[in-house]
Amino acid sequence: ARTMSAKPGSEGQEEASRTRNETVGESGSLGEAKRNEVIRVAYVIAALDLTFLFMHFGVMPYLAKSLGLDSVGFGYLQTVFGVLQLVGGYIFGRFADQFGARAALILSCASGSAFFLLLSLSRTIPLLFLARLPAVFMHGLPGAQKIITDMTTPSRRADALGKLGICFGVGIIAGSALGGVLSTKLGIYAPMYVGLVGSLINTLIAMVWIPSQTKPKSDHHVTEHSKYMVIREILRLMKFPGVMEVFIVKVFAGLPIGLFMIMFSIISMDFFGLEAVESGYLMSYFGVLQMVVQGLVVGKLTSHCSEMTLLRLSVFVFAGVGLGMALMRTVWHYCIIAVPLMFAFSMLATITDSILTKAVPSSDTGTMLGICASVHPLTRTVGPTIGGVLYKQFGVSSFGYLQLVINLGLFVYLLKSKIPLGEMKSK
């Protein structure tokens, strides 16, 4: 059997189109109503998964402090989480391609159950670090993306993936609120118990409601791919037309704002002078913006504009956000800047994921989504060091100027380049 390890030219594009059509045809046998039902279930699982994740984010600093972990140790704890997510992104994506999106989503939910179980038992610092290990397979959002990718035609994909941003907004708002209320009323471990039960329910939902659509590859296919090192496999996908260019834009366009958000807890205290409760309100504001943008704006634009146009627009808006961040002085300035920021952030994430999954064979969409999902963990891994240096040496405005310069360069590049992708227009 011919593998996709050869350099992808016209034959690679033909195979990509053939395998993509096979997947659409396979999911199409379910019927339109059933496919829509499966997509809705994927949205529910993603929203619950993100709610539990943000609920845990809100109480982790207090749990770590109660166990005697200082700020430096907490930074190490966050770095461990980022590294595990970074490494696990590719592994999870390849697992989804080999064993199907349903199996991958069940693995993610089950890993979440193990994660919260270990956290609920964490009474010492070593056990707190040990509890991070299941995070290597906790990729609920990429799992839902894989389900949606399998269930939609290329012309509907950007809109369907964009609606996952609503789930992200729900997760921020509900998770932040629940974490604070539960830990205050019932104790610091209460959110962990809720996360454990909720993740088990998510696992059952995935097992019952998600059909097995992506069949496991043959033994020969697995053997062929096992010969490749991870880096070679990533480079193989990057050789498909347009993939490398779009992925570079995805990584660098949002890098400066990613560094800023990593340092936000310190910036909110030192620069904006906010208390913990006020920071929570600000995060809820971001969640509402995310839901509005993803629910009302992104989907409509994808049905009227080409994906390349929207990619250029998101990068241009990001550049404007950088200028605004460089000039901001108060938290009210930031609240205004947050509107275009959320638009650019949501649009960039949705459009690049849509383009990249269309540009590779359907047998590799899970791997591609896993690679895309590794961008944020990579930022969380290197961000504390780079962001700390920028903030200490040059101040908050340095994040804005870096955002402006990088995205202006990317915008000029996108205007002059002709990225060779087959389907750039949503129909």
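The name given to the protein in an unreviewed UniProt entry is Organic cation transporter-like protein 2, with the source organism recorded as Oreocharis arfaki. According to the UniProt record, the Subcellular location (unreviewed entry) comment for the protein is "Apical cell membrane". Annotation of the protein in UniProt includes, under Function (unreviewed entry), the sentence "May act as a transporter of organic cations based on a proton efflux antiport mechanism. May play a role in the transport of chloroquine and quinidine-related compounds in kidney. Plays a role in the regulation of lipid metabolism."

J.: So, the overall build of the protein: which residues are in play, and what are the values?
T.: Helix and strand counts for the protein stand at 20 helices and 0 strands. When burial is assessed residue by residue, the protein has 53% of its 427 residues classed as buried. For the protein, the exposed surface amounts to about 18500 Å²; the carbon and sulfur share of it is 70%.

J.: Which residues make up the packing of aromatic side chains, and what values do they have?
T.: The tally for this structure, following the rule as stated, stands at 13 aromatic pairs. Ring centres of F57 and F81 lie 6.0 Å apart, and the angle between their planes is 85 degrees; this geometry places the pair in the edge-to-face category. With F57 in helix α2 (residues 32-66) and F81 in helix α3 (residues 71-99), this pair connects stretches of sequence that are 24 residues apart. Of the residues examined, F57 reaches a relative accessible area of 30% and is grouped as partly exposed. We classify F81 as buried; its relative accessible area is 4%. Ring centres 5.6 Å apart and planes at 90 degrees place the aromatic pair F286 and Y334 in the edge-to-face group. One end of the pair, F286, is in helix α15 (residues 276-304); the other, Y334, is in helix α17 (residues 331-359), with 48 residues separating them in the sequence. Grouping residues by exposure puts F286 and Y334 together as buried. Following the ring pairs from residue to residue traces out a cluster consisting of F260, F271, F272, Y285, F286, Y334 and F399. For R123, the ring lying beneath its charged end belongs to Y189, and the centroid distance is 3.9 Å.

J.: Explain helix α6 (residues 140-151) to me, using residue names and the numbers behind them.
T.: An α-helical turn contains 3.6 residues, so any two residues separated by three or four positions project in the same direction. Over its 12 residues, α6 runs 17 Å from end to end, which matches the ideal 16 Å to within 8%, given 1.5 Å per residue. Burial runs high along α6: 11 of the 12 residues are buried. Considered for burial, the residues of α6 that qualify are G140, P142, G143, A144, Q145, K146, I147, I148, T149, D150 and M151.

J.: Summarise the environment of G400; cite the residues concerned and give the values.
T.: Inspection of the secondary structure assignment puts G400 in helix α20 (residues 397-416). Accessibility expressed as a relative area gives 0% for G400, which makes it buried. As a C-alpha pair, G400 and L323 span 77 residues in sequence and 5.8 Å in three-dimensional space. In this view, G400 contacts G322, L323, M325 and A326; residues no more than four positions away in its chain are not counted.

J.: Explain a nonpolar patch on the surface to me, using residue names and the numbers behind them.
T.: Residues I231, L235, M244, I248 and F252 make up a contiguous nonpolar surface patch of roughly 450 Å² in combined accessible area. Tracing the chain through its elements places M244 in helix α12 (residues 243-253). Looking at M244, the relative accessible area reads 35%, which means it is partly exposed.

J.: Go over the pattern of salt bridges with me, naming the residues and quoting the values.
T.: The final tally for this structure, using the stated rule, is 7 salt bridges. We note a salt bridge from E307 to K358, for which the minimum N-O separation is 3.0 Å. Highlighted residues: E307 in helix α16 (residues 307-327) and K358 in helix α17, separated in sequence by 51 residues. For E307, a relative accessible area of 0% corresponds to the buried category. Its relative accessible area of 7% is what places K358 among the buried residues. Residues joined in a network through salt bridges with shared partners are R94, D97, K146 and D150.

Scoring rules and cut-offs
- Residues numbered from 1 in each chain as written.
- Predicted model: local features only at pLDDT ≥ 70, side-chain atom pairs only at ≥ 80, totals over all residues.
- Heavy atoms only, no water.
- UniProt positions renumbered as here; feature names shortened; annotations may be inferred.
- Helix = DSSP H or I, 4+ residues; strand = E, 2+ residues; numbered from the N terminus.
- Buried < 20%, exposed > 50% of the residue type's maximum accessible area, 1.4 Å probe, protein only.
- Areas by Shrake-Rupley, 256 points an atom, 1.4 Å probe, with all protein chains shown as cover.
- Phe/Tyr/Trp six-rings, centres within 6.5 Å; stacked < 30°, edge-to-face > 60°.
- Lys NZ or Arg CZ within 6 Å of the ring centre and 35° of its normal.
- Expected span 1.5 Å × (residues − 1).
- Contact = heavy atoms within 4.5 Å.
- Patch = residues over 30% accessible without salt bridge, like charges linked within 9 Å, V, L, I, M, F, W, Y side chains within 5 Å.
- Salt bridge = Lys/Arg side-chain N within 4 Å of Asp/Glu carboxyl O.

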